[in-house]
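Structural overview for review
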Amino acid sequence: MKQFLLLICLVHATLSAYAEPLTFQQAIALVADNQPLLDGQTAAITAAQHNAVTAAQRPDPKLKLGVINVPTSGADAYSLGQDFMTMRMIGVMQEFPREEKLRLRGLKAEIETEKEMRDLEVLRRTLEREAGLAWLDSYYATQALSILQQLQQQTQSELESQIAAYRVGRASQSDVLALRGELDVLKDKQLNLERQRNLAQAMLVRWIGDAGNNSLAAELPRFTLPDTAETLTARLSDHPHLGLMEKQIALAETDVALERKNRSPDWNVEFGYNQRGAAFPDMVSVQFGIDLPIFPEHRQNQSLASKNALLEKTRAQRDDNARAMRADIATYYANWRGYQRRTENFEKSALPTAQARIDSALAAYRAGQGNFSAVLEAQRALLELQLQRLSLAVDAARAQVQLHYFE
């Protein structure tokens, strides 16, 4: 019984935890715990580590079995023991790549492992960024719906008042119809925002799992970022994405070094034991083989030129990526600062002015000195400003999420 009660308590605690509003920080943390892409990349690292163990080793020896010099005509046709030249053969062949080639292959495998590790860090940052942006998209739609619902409730209350006033002759039918039309417009906005919220929620679930279906916390995240874009740009050399590009360059350089070593031929040795018929003595054989790169201008030189060209391409991609990252940092900083200043302006001036406009239009209407359409227009203007203010605040947070990727 005690175990059953304990199980009930654990289930209740788990459900309660999931019922709590999902904060931005929790959503980011869930990426590491519930993301198959990270699991897959971790497996790729393990695979590269195993490959690094064998890359610098010589190939396995080869076993050879066969028959040699079997007659196909005459009295001894297809006999394996009558003709003195017929032999049953068993042999072992071992290839001996040059030591420098083995060293370079081992080095390449080690670099591959390091590259996969850098790739894991880049992937983690990318997924955290995508999850954060999805959280913000869902947050915007949720908060916009809340603002809209408040206006809907206010408009519904005004409609009921206007209907009552119309029945006693203190309001016109056009005022009642105008409010009903306003409610229809608000309903359409509500449906569109619900669509946006559902899409954003689906993407959040894509990145963090079922927890993305939870309700969201009401506060935007707070970030600690450098004061200037230059400070963040100066740290780019340590960013895992550029570190990944450096590993790709190192791989390309190793390929060039290996291609140069291909000019030095490998060799092999083969030992064989040959059994003949009972009337003839058995034999052994030893053979040595070596590669013959006799047409380097058509093979080795062309392959080397190809590897060098790929190396230059990788270096150019690294330089372009660094330039693009610097441009992104400058862009996101400009957006962040601009959205912040606009949000502050809305809060200090635009929203209070819009609210004052509604109060003035409503007072004039109640005093018989204005028409109701002015009240509706003022309400619509306030709604649009509130939604713009919310959009600016969320856009500022989006820019900060993008900047956080570069830290």
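Residues numbered from 1 in each chain as written. Predicted model: local features only at pLDDT ≥ 70, side-chain atom pairs only at ≥ 80, totals over all residues. Heavy atoms only, no water.

Structurally, Thr 46 is set in helix α3 (residues 36–55). On a C-alpha basis, the gap between Thr 46 and Glu 116 in space is 9.2 Å, while along the polypeptide they are 70 residues apart. (Helix = DSSP H or I, 4+ residues; strand = E, 2+ residues; numbered from the N terminus.)

This part covers unusual backbone geometry. A negative phi angle is the norm for most residues apart from glycine, just as the trans form is the norm for most peptide bonds. Non-glycine residue Asn 69 carries a positive phi angle of around 60 degrees. With respect to the secondary-structure elements, Asn 69 resides in the loop between β1 (62–68) and β2 (87–96).

To continue, consider the packing of helix α2 (residues 24–33) against helix α4 (residues 99–167). α4 packs onto α2 with a crossing angle of 145 degrees between their chain directions and a minimal axis gap of 9 Å. Note that α2 runs across α4; the crossing there is right-handed. Between α2, through Phe 24, Ala 27, Ile 28 and Val 31, and α4, the contact on the second element is made entirely by Leu 127, Glu 128, Ala 131, Gly 132, Trp 135 and Leu 136. Among the residues forming the contact of α2 with α4, the class breakdown is 8 nonpolar, 1 polar and 1 charged. (Axes fitted to C-alpha atoms, helices over the stretch in contact; angles between N-to-C directions. Left-handed = near helix turned anticlockwise from the far one by under 90°. Contact = heavy atoms within 4.5 Å. Nonpolar A, V, L, I, M, F, W, Y, C, P; charged D, E, K, R; others polar.)

The side chains of a regular strand alternate between both faces of the sheet. Where β1 lies against β2, 7 bridges are found, and the strand directions are antiparallel. Its bridge partner lying in β2, Leu 63 is registered against Val 92. (Pairing = 2+ DSSP bridges.)

As a further point, take the pattern of salt bridges. Going through the model one piece at a time under the given rule, you end up with 20 salt bridges. For Arg 124, the salt bridge goes to Glu 121, with nearest N and O atoms at 2.4 Å. In this pair, Arg 124 and Glu 121 are both assigned in helix α4, 3 residues apart and thus about one turn of the helix distant. Arg 124 gets classed as partly exposed once you look at its relative accessible area, which sits at 27%. Between Lys 189 and Glu 384 there is a salt bridge whose closest N-O contact spans 3.2 Å. Of this pair, Lys 189 sits in helix α5 (residues 173–208) while Glu 384 is found in helix α9 (residues 372–404), placing the two residues 195 residues apart along the sequence. Relative accessible area serves as the criterion here: at 34%, Glu 384 is assigned to the partly exposed category. (Salt bridge = Lys/Arg side-chain N within 4 Å of Asp/Glu carboxyl O. Buried < 20%, exposed > 50% of the residue type's maximum accessible area, 1.4 Å probe, protein only.)

The strand order β1-β2-β3-β4 describes an open sheet built from 4 strands, whose pairing is antiparallel. A strand with exactly one partner marks an edge of an open sheet, and here the two such strands are β1 and β4 (283–290). Between one strand and the next, the sheet's axes are offset by a mean angle of 20 degrees, whatever the strand orientation. Here 8 bridges tie strand β3 (residues 267–275) to β4, and the two strands are oriented antiparallel to one another. Bridge pairing in β4 links Gly 272 to Ser 285.

Let's shift gears to the packing of aromatic side chains. The tally for this structure, following the rule as stated, stands at 6 aromatic pairs. Considering the side-chain rings of Phe 24 and Phe 223, the 5.6 Å spacing of their centres and the 75 degrees angle between planes classify their relative orientation as edge-to-face. Taken together, the positions of Phe 24 in helix α2 and Phe 223 in the loop between α5 and α6 (229–233) put the pair 199 residues apart, joining distant regions of the chain. Per residue, the accessibility class of Phe 24 equals that of Phe 223, and both read buried. With centroids separated by 5.2 Å and ring planes inclined at 85 degrees, the aromatic side chains of Tyr 405 and Phe 406 adopt a geometry described as edge-to-face. A residue is classified by how much of its surface remains accessible, and Phe 406, at 4% relative accessible area, is buried. Here the aromatic residues Phe 24, Trp 135, Tyr 139 and Phe 223 are joined through ring pairs into a cluster of three or more. Cation over ring: Arg 129 sits above Tyr 405, and NZ or CZ is 4.4 Å from the ring centre. The ring of Trp 336 has Arg 337 sitting right over it, with the charged end atom 4.2 Å from the ring centre. (Phe/Tyr/Trp six-rings, centres within 6.5 Å; stacked < 30°, edge-to-face > 60°. Lys NZ or Arg CZ within 6 Å of the ring centre and 35° of its normal.)

Geometric descriptors of this kind do not, in isolation, establish any biological role.
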